[in-house]
Amino acid sequence: MRAVNDNATINTVTEADHLTVQLPLQVIGLSSVYAATLSLLQRRFPTVLPDHLWAEVAGGVVLSLAPVALAARRLGHLDWRRYEELVWRSFVAAGIPIILWQLGENILRQHATEEYLRRPRRSTIDYADDTTPLANRTGGRESRADPHSGRGGSAHPAGPEYAG
């Protein structure tokens, strides 16, 4: 509430108060787009991530600080306490979509791991009586045909009579 004159007061929102809500919402929007873009890039180019994680972090920091710096320059009269508060709000706002994205990625990796562990596997006992050379085994496929060579089976004869 601000006093317009001695007799009347009206509800007005100052520019600095408006930044308390508007700026973090803008940063959340930018950060959400950033997280979606990074997710798309990581799915399309999975080998880039380990070598370019520094660029993702640097981009996130710039994304957090640039809107606050632009708003401070536009207003021109923010004191350092207010500026610091806006920086912290911006970092928290930028972090929320990134954290949610990474939690989602973690859940997807967990499901993929559980699915992999549920797959039926052949035990070593299944291979004990198999006389097919190891290089010619197809690893659990029902057919012994090699799809790349066009042959109907192994070039090496298999069976107990050929075991050496």
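The structure reproduced in this document is the subject of the present report. None of the values given here were measured: they were computed from a predicted structure.

**Brief notes about a nonpolar patch on the surface**
- Taken together, the side chains of Leu49, Leu53, Val57, Val61, Leu65, Trp88 and Phe91 present a nonpolar region at the surface, about 600 Å² in accessible area.
- Looking at the nonpolar patch, the elements that each hand over two or more residues are α2 (49-75) and α3 (80-118).
- Along the chain, leucine 65 falls in helix α2.

**Examining the nonpolar core**
- Residues Leu19, Leu23, Val68, Ala71, Leu75, Leu86 and Val87 constitute the largest nonpolar core, which totals seven residues.
- Taken together, the elements giving at least two residues each to this core come down to α1 (15-44), α2 and α3.
- If one sorts the elements of this core by residue count, α2 sits on top with three residues.
- For valine 87, the contacting residues outside a window of four places in its chain are Leu65 and Val68.
- Core analysis: the next-biggest nonpolar cluster, separate from the first, contains five residues, Ala35, Leu38, Leu63 and Trp101 among them.

**Re the pattern of salt bridges**
- Enumeration according to the criterion identifies six salt bridges in this entry.
- Residues glutamate 105 and arginine 43 are paired through a salt bridge, measuring 2.7 Å at the closest nitrogen-oxygen approach. Of this pair, glutamate 105 sits in helix α3 while arginine 43 sits in helix α1; the two residues are 62 residues apart in sequence, bridging distant segments of the chain.
- Residue glutamate 105 is classed as buried on the basis of its relative accessible area, which comes to 12%.
- Of the charged contacts, one joins glutamate 85 and arginine 82 as a salt bridge, the two residues approaching to 3.1 Å between their closest N and O atoms. Taken together, the positions of glutamate 85 and arginine 82, both in helix α3 and three residues apart, correspond to about one turn of that helix.
- Linked by salt bridges that have partners in common, Arg82, Glu85 and Arg89 make up one network.

Thresholds, definitions, all that
Residues numbered from 1 in each chain as written. Predicted model: local features only at pLDDT ≥ 70, side-chain atom pairs only at ≥ 80, totals over all residues. Heavy atoms only, no water. Patch = residues over 30% accessible without salt bridge, like charges linked within 9 Å, V, L, I, M, F, W, Y side chains within 5 Å. Areas by Shrake-Rupley, 256 points an atom, 1.4 Å probe, with all protein chains shown as cover. Salt bridge = Lys/Arg side-chain N within 4 Å of Asp/Glu carboxyl O. Helix = DSSP H or I, 4+ residues; strand = E, 2+ residues; numbered from the N terminus. Core = buried A, V, L, I, M, F, W, Y, C linked by side-chain atoms within 4.5 Å. Buried < 20%, exposed > 50% of the residue type's maximum accessible area, 1.4 Å probe, protein only. Contact = heavy atoms within 4.5 Å.

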